[in-house]
Amino acid sequence: MNELVGALDQGTTSTRFIVFDAEGKAVASAQQEHRQIFPRPGWVEHDPVEIWERSKAVVGSALATAGLNAMDLAGVGITNQRETVVVWERSTGAPVANAIVWQDTRTAAICMGLAGDEGPDRLRAKTGLPLATYFSGPKLRWLLDSDPTLRRRSESGELAAGTIDSWLAWNLTGGMHVTDPTNASRTMLMDLETREWDEGLCSLMGVPSALLPEIAPSAGINAPITEGPLAGARLGAILGDQQAALFGQGCFEPGMAKNTYGTGCFLLTNTGGTPVPSSRGLLTTVGYQVEGDPATYALEGSVAVAGALVQWLRDNLGLIGDAAEIESLAASVADTGDVYLVPAFSGLFAPHWRPDARGVLVGLTRYTTKAHIALAALQATAFQTAELVEAMEGDSGTAVSELRVDGGMTANRLLMQLQADLLGVPVLLPPVAETTALGAASAAGLAAGLFSSTAELAGRWRETARYSPSMEGGRRQEMMARWRQAVERSLGWADPGS
């Protein structure tokens, strides 16, 4: 059997393809960015055709660099930015509009209307989610409402819709319309218990179920790839990016937690075979499902802006010339000088769920320099994660004893130490920082029989770095209290219905 597996990792700002060997070592990789389209304040779009073209390009580049072809791969997994939606024509495969990205807030009025007198938790019992602009269903509703022709065509079966995984799978396989429970659980259209599209939810949301893909196990899709440079390989797995990272971090036992530091920040804890409802603003979601096994569920806390804040300091304010510069700049000061930065650019996600919040920078004095702002930006990511851990421990009744971390921001050692200090528990890094891609590849390898079980995959996980907390507990509490004051000042600025 071939002992190489591939992962097509389609993220918010870029697409990459990575080939891993059976030990989880990357042997080939290529990556390309794609455009971020901002038609209006709060609107964020991507060009689906550009994403597909970038996907083919990075696959071809990675395979060529390593002297490989599609037949050398035991399987391929897709992992993707979740909640971003595409609608396309079944006959031509052409998208009818740009993709609406998970960060987009244009559906605020729709969400408020759906919430009605019952409030944003109206659908939480069935979906595990609050009514929020984050999720896919309201985005599909907006697209269909924006053009009566699209609604008519969706009802007649002319159109297909899905998250980015479905769009890529359709193009790779020449027309297979499929998703998995991790992505489907983010639409507000799937019943969390049955893991099937719910006609009542679809009707309420105004999204015809005929638009939607088949829901298949995360690991075990086993479909032939017929298009592009991967033609001849098999699509074995689909996982939303954060669930893929949970899989790649070997968090297969209840209570194990991981946090991914990317454009946003996403903390997931495995809760086993039963969905655990949240009363603290977290999301109940599907963690993964291996073919033939029951689904595994997770609690998730989602932060909208983490790495994107560093990009903002670079691109919008010009405080740094390169994202990597923020660590040395922030480390040049002992503290922030009592400056706090709340990056509520698109409102606040978990545990607050406040679409009316907007970013604030508080505590400025003549003493403040760009170094203090840089440190406040790094602390903002650590503070938001600490809030999520606190909520997760309250919902699950279990203390987090360690946090496994991944994503591009883990290269920032100052941030990782800040995180350990604010959590009061060790922060652990694996050898492969990009465990999102590793998780998708591992799931594809499991589906192909390259690996025997999730237990085998768990045994392969290794720790390559550990950050232990060194901050005194009283100082930690003081800083968290000050952060909460800053968050309060971000609330109520925007009209979520506008």
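The coordinates are above.
Residues numbered from 1 in each chain as written. Predicted model: local features only at pLDDT ≥ 70, side-chain atom pairs only at ≥ 80, totals over all residues. Heavy atoms only, no water.

Caption draft 1: Focus on the overall build of the protein chain. The secondary structure content of the protein chain amounts to 16 helices and 23 strands. The principal-axis extent of the C-alpha atoms belonging to the protein chain is close to 60 × 50 × 45 Å. Split into buried and exposed, the 498 residues of the protein chain put 60% on the buried side. Within the protein chain, residue pairs in contact and separated by at least 24 positions form 71% of the contacts whose partners lie at least 6 positions apart. On the protein chain, roughly 18200 Å² of surface is accessible, and the fraction owed to carbon and sulfur atoms is 49%. (Helix = DSSP H or I, 4+ residues; strand = E, 2+ residues; numbered from the N terminus. Buried < 20%, exposed > 50% of the residue type's maximum accessible area, 1.4 Å probe, protein only. Contact = heavy atoms within 4.5 Å. Areas by Shrake-Rupley, 256 points an atom, 1.4 Å probe, with all protein chains shown as cover.)

Caption draft 2: Up close: the packing of helix H2 (residues 108-115) against helix H4 (residues 136-146). Interhelical geometry of H2 versus H4 gives an angle of 110° and a closest axis separation of 9 Å. Here H2 lies roughly perpendicular to H4, going by the angle between them. When you trace H2 past H4, the crossing you get is right-handed. Judged by residue contacts, Ile 110, Cys 111 and Leu 114 of H2 engage Pro 138, Arg 141 and Trp 142 from H4. Among the residues forming the contact of H2 with H4, the class breakdown is 5 nonpolar, no polar and 1 charged. (Axes fitted to C-alpha atoms, helices over the stretch in contact; angles between N-to-C directions. Parallel < 35°, antiparallel > 145°, perpendicular 65-115°, else oblique. Left-handed = near helix turned anticlockwise from the far one by under 90°. Nonpolar A, V, L, I, M, F, W, Y, C, P; charged D, E, K, R; others polar.)

Caption draft 3: The arrangement of the pairing of strand S18 (residues 296-303) in detail. With 8 of 8 residues buried, S18 lies mostly within the body of the structure. Side chains of S18 alternate between two faces, with Thr 296, Ala 298, Glu 300 and Ser 302 and Tyr 297, Leu 299, Gly 301 and Val 303 buried alike. In terms of strand pairing, strand S16 (residues 265-272) meets S18 through 7 bridges, oriented antiparallel. Bridged to Leu 268 within S18 is Glu 300. Of the strand pairs in this sheet, strand S17 (residues 283-288) and S18 are connected by 5 bridges, and their pairing is antiparallel. Residue pairing for S18: Thr 284 is matched across the bridge by Leu 299. (Pairing = 2+ DSSP bridges.)

Caption draft 4: Region of interest: the sheet that holds strand S1 (residues 4-10). Here 6 strands make up an open sheet; going across it, the order is S3-S2-S1-S5-S14-S13 and the pairing mixed. Of all the strands in the sheet, the pair left with one neighbour each is strand S3 (26-33) and strand S13 (219-224). Taking the axes of each pair of neighbouring strands and ignoring which way they run, one obtains an average angle of 20° across the sheet. Pairing geometry for S1 and strand S5 (residues 73-80), over 7 bridges, is parallel. If you follow Leu 4 over to S5, its bridge partner there is Leu 73. Sitting on the sheet, helix H1 (residues 48-66) touches S1, strand S2 (14-21), S3 and S5, and the angle it makes with S3 is about 150°.

Caption draft 5: The side chain of Thr 284, seen in detail. Residue position: Thr 284 is located in strand S17. On the accessibility criterion, Thr 284 (3% relative accessible area) is buried. For Thr 284, the side chain forms a polar contact with the main-chain oxygen of Val 276, separated by 2.7 Å. Excluding anything up to four places from it in sequence, Thr 284 contacts Thr 127, Gly 128, Leu 129, Leu 192, Pro 275, Val 276, Pro 277, Ser 278, Ala 298 and Leu 299. (Polar contact = N/O pair within 3.5 Å; in protein donor to acceptor, adjacent residues only side chain to side chain.)

Caption draft 6: Representation of H2. Those residues of H2 not exposed but buried are Ala 108, Ile 110, Cys 111, Leu 114 and Ala 115. Buried residues of H2 fall within an arc of 160° about the axis and therefore sit on the same side. Turning to H2, the residues buried within the fold contact H4 and helix H8 (199-205). Downstream of H2 by one or two residues, Gly 116 has phi in the positive range, about 55°. (Arc of directions from axis to C-beta.)

Caption draft 7: Looking closely at the packing of aromatic side chains. Counted under the stated rule, the structure contains 17 aromatic pairs. The interplanar angle of 85° and the centroid separation of 5.3 Å between the aromatic rings of Trp 43 and Trp 142 together place this pair among those described as edge-to-face. Placement of Trp 43 in the loop between S3 and strand S4 (45-46) and of Trp 142 in helix H4 is noted, with a sequence separation of 99 residues between them. According to the relative accessible area criterion, Trp 43 is buried, its value standing at 15%. By relative accessible area, Trp 142 is classed as partly exposed at 21%. When the ring of Phe 252 is compared with that of Tyr 288, the centres are 5.8 Å apart and the planes differ by 90°; the resulting orientation is edge-to-face. Here Phe 252, found in the loop between helix H9 (241-248) and strand S15 (257-261), pairs with Tyr 288, found in strand S17; they are 36 residues apart in sequence, far enough to count as distant. Seen from the ring of Trp 142, Arg 106 lies directly overhead, with NZ or CZ sitting 4.5 Å from the centre. (Phe/Tyr/Trp six-rings, centres within 6.5 Å; stacked < 30°, edge-to-face > 60°. Lys NZ or Arg CZ within 6 Å of the ring centre and 35° of its normal.)

Caption draft 8: The arrangement of unusual backbone geometry in detail. In this structure, the amide linkage connecting Ala 350 to the following residue, Pro 351, adopts the cis form with an omega of -5°. Positive phi is not limited to glycine here, since Asp 338 has a value of about 65°. Mapped onto the elements, Asp 338 comes out in the loop between helix H11 (325-331) and strand S19 (340-342). One non-glycine residue, Trp 353, lies in the positive phi region at around 50°. Tracing the backbone through its elements, the reader meets Trp 353 in the loop between S19 and strand S20 (360-362). Its relative accessible area of 16% is what places Trp 353 among the buried residues.

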